[in-house]
Amino acid sequence: MPYGPLTLITPTAAMKASVHGGRAKCLQRLVRLDMPVPLTVALSFDAVHQLALGNMPDMYALLAPFGNAPLLSVRPSSQDPDWGGPGAILNVGMNDDRYAELINYVGEAAATRVYLRFVQSYAIHVARLDPDEFHLPETFDAASLRGMMDAYEFETDALFPQDPKVQLAEVLRSMARAWDGTTARLLRQAKGAPADAGLGLVVQAMATGRNEGECGQGMIQFADSLTGTPRIVGRYVSAWHAESQDVRRDKDGALFITKDPRGLSLEEHCPEIFAQLLSYGDVCRQRLREEMEIKFTIQDGTLKILDAVRMQRSSRAAVRIAVALADDKIIPREEAVMRIEPAALSELLHRQVDPRAKRDLIVSGIAASPGAASGRIVLSAQEAQASAARGEPCILVRRETTPEDIRGMHAASAVLTMRGGVTSHAAVIGRGLGLPCVVGASDLSIDRKSGKIIAPNGRMYAAGDIITVDGTAGQALVGQPPMLEAALDGAFKTLLEWADEFRDIGVRANADTPADAQTARNFAAEGIGLCRTEHMFFEGDRLGVMREMIFAEDGDDRRAVLDRLLPMQREDFQALFEIMAGKTVCVRLFDPPLHEFLPSDKAGMRDLAEQVALPLNEVVERVAALEEYNPMLGMRGVRLGIAIPEIYDMQARAIFEAMAAVHKKGIDISVEIMIPLVSAMREVELVKGRVDAIANAVSAHSKIGFDYRLGVMVETPRAALRAEDIAGHAAFLSFGTNDLTQMTYGLSRDDAGRFMSSYVQQGVYAEDPFHTLDIEGVGELISLGAARGRKGRPDVVLSICGEHGGSRAAIDFCRKQKFDYVSCSPFRVPAARLTAAQLALAERV
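Residues numbered from 1 in each chain as written. Predicted model: local features only at pLDDT ≥ 70, side-chain atom pairs only at ≥ 80, totals over all residues. Heavy atoms only, no water.

1. Some words on the overall build of the chain
Test applied: Each helix is a run of H or I in the DSSP string that is no shorter than four residues. Each strand is a run of E no shorter than two, and both are numbered from the N terminus. Using a 1.4 Å probe on the protein chains alone, a residue whose accessible area is under 20% of its type maximum counts as buried, one over 50% counts as exposed, and one in between counts as partly exposed. By definition, residues are in contact when any of their heavy atoms lie within 4.5 Å. Computed with the Shrake-Rupley method and a 1.4 Å probe, the accessible areas treat only the protein chains shown as cover for residues. Only four residue types enter the charge count, namely Lys and Arg as positive and Asp and Glu as negative; His and the chain termini do not. We put the charge of a Lys on NZ, of an Arg on CZ, of an Asp on CG and of a Glu on CD.
A count of helical and extended segments in the chain gives 33 helices and 30 strands. Overall, the C-alpha framework of the chain stretches about 105 × 60 × 55 Å when taken along its three principal axes. Counting all 845 residues of the chain, 54% fall into the buried class. Taking contacts inside the chain between residues at least 6 apart in sequence as the whole, the part at least 24 apart equals 67%. Carbon and sulfur atoms make up 49% of the accessible area of the chain, which amounts to about 36000 Å² in all. Positive and negative charge centroids in the chain, built from 93 and 111 side chains respectively, lie 3 Å apart.

2. Here we look at the packing of aromatic side chains
Under the convention used in this document: Stacked, tilted and edge-to-face are the three classes applied to pairs of Phe, Tyr and Trp rings, where Trp contributes its six-membered ring and a pair requires centres within 6.5 Å; stacked means planes under 30 degrees apart, edge-to-face means over 60, and tilted covers the rest.
Counted under the stated rule, the structure contains 16 aromatic pairs. Plain terms: the ring middles of Phe-118 and Phe-160 are 5.7 Å apart, the flat faces sit at 85° to each other, and that makes the pair edge-to-face. One end of the pair, Phe-118, is in helix 6 (residues 108–126); the other, Phe-160, is in the loop between helix 7 (142–156) and helix 8 (164–180), and 42 residues separate them in sequence. When its relative accessible area of 1% is taken as the criterion, Phe-118 is described as buried. Residue Phe-160 is classed as buried on the basis of its relative accessible area of 6%. Here the aromatic rings of Phe-755 and Tyr-759 are separated by 5.1 Å at their centres, their planes lie at 65°, and the arrangement is edge-to-face. With a gap of four residues between them, Phe-755 and Tyr-759 both fall in helix 30 (residues 753–761), about one helical turn apart. In this structure Tyr-759 comes out as partly exposed when scored by relative accessible area, which is 32%.

3. A few points about the sheet that holds strand 30 (residues 821–824)
Backbone hydrogen bonds hold the strands of a sheet together, and the pairing may be parallel or antiparallel. Our working rule: Here, strands pair whenever DSSP counts at least two bridges between them. Lines fitted to C-alpha atoms define the axes, with helix axes restricted to the stretch in contact, and inter-axis angles between N-to-C directions lie between 0 and 180 degrees.
Strand order in the closed barrel formed by eight strands is 23-24-25-26-27-28-29-30, with parallel pairing between adjacent strands. The average angle at which neighbouring strand axes cross in this sheet is 25°, direction not considered. By the bridge criterion, five bridges tie strand 25 (residues 584–588) to strand 26 (residues 670–675) in an arrangement that is parallel. Its bridge partner being in strand 26, Arg-588 is matched across the sheet by Met-674.

4. Regarding unusual backbone geometry
Look at Lys-329: it is not a glycine, yet its phi comes out positive at around 65°. Looking at the element boundaries, Lys-329 is found in the loop between helix 12 (315–327) and helix 13 (333–339). Judged by relative accessible area, which is 72%, Lys-329 ranks as exposed. The backbone phi angle of Leu-677 is positive, close to 60°, even though this residue is not glycine.

5. A closer look at the packing of helix 20 (residues 542–550) against helix 21 (residues 555–579)
Packed helices, taken two at a time, are described by the angle between their axes plus the distance between the axes. The condition is simple: Angle categories are assigned with fixed cut-offs, so that under 35 degrees is roughly parallel, over 145 is roughly antiparallel, 65 to 115 is roughly perpendicular, and the rest are oblique. Crossing handedness is read from the near helix: turned anticlockwise from the far helix by less than a right angle, it gives a left-handed crossing, and turned clockwise, a right-handed one.
Between helix 20 and helix 21, the shortest axis-to-axis distance is 9 Å and the interhelical angle comes to 150°. As judged from the angle between their axes, helix 20 and helix 21 are roughly antiparallel. By crossing handedness, the relation of helix 20 to helix 21 is classed as left-handed. Touching Arg-542, Val-545, Met-546, Glu-548 and Met-549 of helix 20 are Arg-558, Val-561, Leu-562, Arg-564, Leu-565, Met-568 and Asp-572, all from helix 21.

6. Regarding the pattern of salt bridges
How we decide: Salt bridge criterion: a side-chain nitrogen from Lys or Arg within 4 Å of a carboxyl oxygen from Asp or Glu.
According to the stated counting rule, one finds 48 salt bridges in the structure shown. Between Asp-150 and Arg-146 there is a salt bridge, with its nearest N and O atoms 3.2 Å apart. One end of the pair, Asp-150, and the other, Arg-146, are both in helix 7, four residues apart, so they sit about a helical turn from each other. Among the residues examined, Asp-150 registers a relative accessible area of 40% and is labelled partly exposed. Classification of Arg-146 as partly exposed rests on a relative accessible area of 45%. Salt-bridge contacts for Arg-682 lead to Glu-685; the nearest nitrogen and oxygen are separated by 3.3 Å. One end of the pair is Arg-682 and the other is Glu-685, both in helix 26 (residues 681–702) and three residues apart, which spans about a single turn. With a relative accessible area of 28%, Glu-685 lands in the partly exposed category.

7. What about helix 18 (residues 490–502)?
Side chains that are three or four residues apart share a direction in an α-helix, a result of its 3.6 residues per turn. Short version of the rule: Expected helix span is taken as 1.5 Å per residue step, with the number of steps being one fewer than the number of residues. Here the arc refers to the set of directions running from the helix axis out to each C-beta atom.
For helix 18, built from 13 residues, the straight-helix expectation of 18 Å at 1.5 Å per residue is met to within 8% by its first-to-last C-alpha distance of 19 Å. Turning to helix 18, its buried residues number three or more, namely Ala-491, Phe-492, Leu-495, Leu-496, Trp-498, Ala-499 and Phe-502. Projection of helix 18 onto a plane perpendicular to its axis shows the buried side chains occupying an angular sector of 155°, all on one side. Buried residues along helix 18 sit in contact with helix 12, helix 13, helix 14 (342–348) and helix 33 (829–842).

8. Overview of empty space enclosed by the protein
Heads up, the rule is: Any residue with an atom within 4 Å of a point lines the site, the site being either a cavity, points on a 1 Å grid over the protein atoms alone where a 1.4 Å probe fits but cannot get out, or a pocket, an open set with protein on both sides within 12 Å along at least 5 of 7 lines. Grid points are joined across faces, edges and corners, and a volume is the space filled by probe spheres set on the points. Classes in brief: Ala, Val, Leu, Ile, Met, Phe, Trp, Tyr, Cys and Pro nonpolar; Asp, Glu, Lys and Arg charged; the others, Gly included, polar.
Summed over the entire model, instances satisfying the criterion amount to one cavity of 30 Å³ or more. Looking at the largest cavity, its volume works out to about 100 Å³. Among the elements that make up the lining of the largest cavity, the one with the highest residue count is helix 17 (residues 425–433) (three residues). Tallied by class, residues from the lining of the largest cavity come to three nonpolar, four polar and four charged.

9. Overview of helix 25 (residues 645–664)
The end-to-end C-alpha distance of helix 25, which contains 20 residues, comes to 29 Å, matching closely the 28 Å that a straight helix rising 1.5 Å per residue would cover. Among the residues trailing helix 25, Gly-666 stands out with phi positive, at a value near 80°.

10. Looking at the nonpolar core
The condition that has to hold: Here, nonpolar core means buried Ala, Val, Leu, Ile, Met, Phe, Trp, Tyr and Cys residues that are tied together by side-chain atoms lying within 4.5 Å of each other.
Ranked by size, the top nonpolar core spans 145 residues in total, and within it Phe-577, Phe-656 and Leu-733 carry the most contacts. Ignoring sequence-local partners within four residues, the contact set of Leu-733 consists of Val-712, Val-714, Ala-723, Ile-726, Ala-727, Gly-785, Gly-789, Val-796, Val-797, Leu-798 and Ser-799.

11. Here's the deal with the confidence of the model for the chain
The line we're drawing: The predictor rates its confidence in each residue with pLDDT, a number between 0 and 100.
For the chain, the average pLDDT comes to 89, and 97% of its residues sit at 70 or higher. Across the chain, strand 28 (residues 732–735) holds the top mean pLDDT of 98, while helix 9 (residues 182–190) sits lowest at 76. Scored below 50 in pLDDT, residues 241–251 shows 23 contacts in the model against residues more than four places distant or in partner chains.

12. Thoughts on the sheet that holds strand 1 (residues 6–8)
One open sheet accounts for five strands, arranged 1-2-5-3-4; its pairing is antiparallel. Strands at the two margins of the open sheet, each flanked by one partner only, are strand 1 and strand 4 (89–92). Across the sheet, the axes of successive neighbouring strands diverge by a mean angle of 25°, strand direction being ignored. Strand direction decides the pairing type here: strand 2 (residues 40–43) and strand 5 (residues 199–206), joined by four bridges, are antiparallel.

13. Looking at the environment of Gln-28
The following threshold applies: Two N or O atoms count as a polar contact when they lie within 3.5 Å, although within protein this holds only if one can serve as hydrogen donor and the other as acceptor, and sequence-adjacent residues are included solely when both atoms are side-chain atoms.
Structurally, Gln-28 can be placed in helix 2 (residues 22–32). Residue Gln-28 is classed as buried on the basis of its relative accessible area of 0%. Aside from chain neighbours lying at most four places away, what touches Gln-28 is Ile-9, Thr-10, Pro-11, Thr-12, Ala-13 and Met-15. In this structure the side chain of Gln-28 is engaged in a polar contact, spanning 2.7 Å, whose partner is the side chain of Lys-25.

14. Structural notes on the environment of Thr-716
Tracing the backbone shows Thr-716 in the loop between strand 27 (708–714) and helix 27 (717–721). Taking the C-alpha atoms as reference points, Thr-716 and Val-378, separated by 338 residues in sequence, lie 37 Å from one another. For Thr-716, the contacting residues outside a window of four places in its chain are Leu-677, Val-678, Ser-679, Leu-740 and Met-743.

15. Here we look at the packing of helix 3 (residues 45–52) against helix 8
Between helix 3 and helix 8, the least distance of the axes is 8 Å, while the angle of their chain directions is 95°. Relative to helix 8, helix 3 is oriented roughly perpendicular. Here Val-48, His-49, Leu-51 and Ala-52 of helix 3 lie close against helix 8, whose contacting residues are Leu-172, Arg-173, Ala-176, Arg-177 and Asp-180. Here the contact of helix 3 with helix 8 is built from residues that sort into five nonpolar, one polar and three charged.

16. Some remarks on the pairing of strand 29 (residues 797–800)
Rule in force here: Handedness is read with the strands pointing away from the viewer; a crossover is right-handed when the path from the first strand over the helix to the second is clockwise.
Sheet analysis places strand 28 next to strand 29, joined by four bridges and oriented parallel. Paired with Ser-734 across the bridge in strand 29 is Ser-799. Pairing of strand 29 with strand 30 involves two bridges; the strand directions are parallel. Along strand 30, the bridge assignment pairs Ile-800 with Val-822. Between the parallel pair strand 29 and strand 30, the chain is carried across by helix 32 (residues 808–816), and the sense of this crossover is right-handed.

Shown next, in the form of structure tokens:
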């Protein structure tokens with residue numbers, strides 16, 4: 001069907017949102033619903049593009065439907081209203097002759113206000129003049145109008161245009177060019193619009209009443225923008241009462257929409273029109289299947305509907321509105337699930353900075369873990385613990401975090417680091433704890449001696465000063481702005497229950513502590529896909545015992561020390577198993593290099609020397625001997641388990657004894673034991689032999705059989721390549737995408753942030769591979785490993801458990817590879833459940 005550049009909006013006009021934009025198409029739907037929409041002409045995307053190039057439409061043809069001396073409004077009409085567009089221009093066609101005519105109907109003040117506002121809008125948005133020169137005066141009279149006209153003439157060396165055709169042509173050209181500007185293009189691309197997204201324009205008749213009845217303009221919506229609960233909200237500016245000093249209005253000079261003890265309302269003043277608006281609101285909800293914001297005018301007591309657009313809403317409101325529409329049978333549940341952005345769910349799980357709050361920025365970094373928190377600056381884990389003991393919220397600010405900072409991170413309200421990326425230590429732990437976190441704030445500097453942090457602009461903030469970390473926006477802010485609390489209401493839970501009906505891949509959580517496990521359970525994770533046991537060793541007095549084990553002289557000494565850790569590990573596992581009753585828990589055996597548990601400063605060395613009863617110089621030498629040039633590729637994971645088998649023996653015994661303990665309580669639990677950093681089949685054979693022997697020993701002692709499986713965390717390229725052999729000894733293969741990405745790219749995830757943005761900007765990488773799974777490279781390795789694993793064991797269970805696990809790209813990839821589940825941080829589980837459902841539903845279309 002051919003579409004012309006100019007289309008008069010009628011019920012039968014040939015129109016499409018992809019040609020004329022969403023606003024134009026919506027206006028046609030309002031016309032079809034018999035709403036009183038003023039005469040409107042739509043300009044197509046192509047016509048507006050030609051306008052930007054300087055090719056004007058036939059202005060006579062455009063103006064002809066509106067008759068002589070019209071007053072017009074021009075509004076943008078993009079394909080998606082969320083993509084925005086230039087602001088509306090009202091009262092186009094206002095000139096000296098129309099001004100004189102208008103004075104006879106509404107008086108000098110009201111007519112002057114209309115003319116002044118048009119001149120101001122035209123000067124600023126069309127002629128691009130300095131806004132400071134065109135402030136509205138306090139008094140609306142002929143003298144103030146003359147002053148603004150003189151200012152326009154002075155700035156442009158031309159009289160203000162009086163020909164409506166000229167005015168309209170310049171307004172259209174200005175809006176078309178604004179859409180094609182660099183800033184506008186970047187802003188809409190950030191909202192998901194394609195670079196070549198088109199813009200339509202709608203030109204609509206405006207009418208000024210003749211003072212023969214109520215006149216004014218307003219807007220109304222029928223749900224709360226923050227909560228989504230049913231509520232009539234809006235404003236109405238009455239021309240009749242605009243100059244009256246006896247009528248009480250709201251702070252902006254508008255009448256109240258509904259009855260209000262503070263003053264006059266539209267509901268009381270014009271009850272029939274108010275009833276019409278309620279009726280139209282219900283029609284929009286039923287027929288347009290959406291909560292709409294209706295813009296309207298009243299002309300001599302007659303209602304006109306200017307526009308109806310999807311009302312702006314918070315993430316919380318979006319969820320509640322979608323669920324309510326489905327509950328009322330207006331949309332199907334499938335559509336309700338598809339309407340919500342998964343990222344919106346992540347916002348609901350955490351406190352957020354109120355979007356209306358003023359932001360005083362300290363520094364920007366990488367948004368590593370969502371949510372916002374305020375507290376006093378602390379510069380060490382010890383200070384964070386002390387602050388928590390005093391009951392004072394604190395923000396832990398570090399160059400970068402290490403495993404030694406775990407206790408400080410638990411104590412802090414948020415974390416801010418100078419180094420790191422989305423898979424750095426701080427980011428991973430922050431997401432696991434649900435802790436707001438900003439990393440990679442490289443423009444920040446820390447002066448430890450003076451106890452201050454220094455912002456890029458030179459401002460300094462001392463330890464103890466209150467700041468706010470916004471992990472959703474990737475910003476650190478001065479002070480304590482207003483917050484919006486987390487919103488896990490019934491609509492949130494209902495939406496996810498519907499999502500679970502549609503998704504076809506499992507979702508588990510990465511959980512290292514009982515608190516993490518409880519969070520995972522609360523968010524309906526199907527189990528734990530990764531329990532990193534090393535984090536347990538930083539709790540309480542365990543770090544000291546761990547250090548004693550590291551300094552043990554031989555296997556017997558190590559076993560003696562580990563015997564003290566055994567009951568602690570058993571208690572940890574028992575608590576996890578009790579929380580995850582009836583589900584599966586995948587426990588990864590000890591992974592990090594031992595030097596991570598040792599101090600790096602002199603004070604820590606002295607404390608360690610005293611603890612292990614050795615001379616300080618010997619301790620320093622031993623610590624130095626354990627250091628590696630590249631510890632992430634050194635003595636860690638399964639290599640440590642084979643070289644020092646007592647560690648894995650203790651962990652295996654703790655797991656099986658915990659399983660026996662919960663079994664006696666009547667709790668069923670399925671446990672998977674995962675070997676990290678495998679690169680050869682023989683590594684699996686060696687560990688499996690010892691684990692099976694310990695399982696048999698504990699089973700014989702407790703007279704209980706264990707439901708357990710042993711598998712491999714595929715983190716090295718060689719493990720993916722040799723997956724066929726490895727799967728012969730492994731019941732499952734879980735791809736650890738963090739380390740696999742590091743080793744595939746030869747990149748350190750903690751250091752890549754220094755140059756990654758430059759690489760992405762220059763197109764070396766399409767995205768940061770630590771943030772978005774690299775389907776072409778890392779994905780090919782995973783695909784190859786999965787195929788070879790299935791060849792070695794057809795029933796092998798396949799999953800990914802790195803930080804990519806909660807991302808849309810990774811979930812889509814895993815579905816296509818027929819993986820059994822993905823595992824991600826507990827606070828990403830809801831978004832992953834929704835994403836998996838949306839991907840499954842999208843294939844039905």
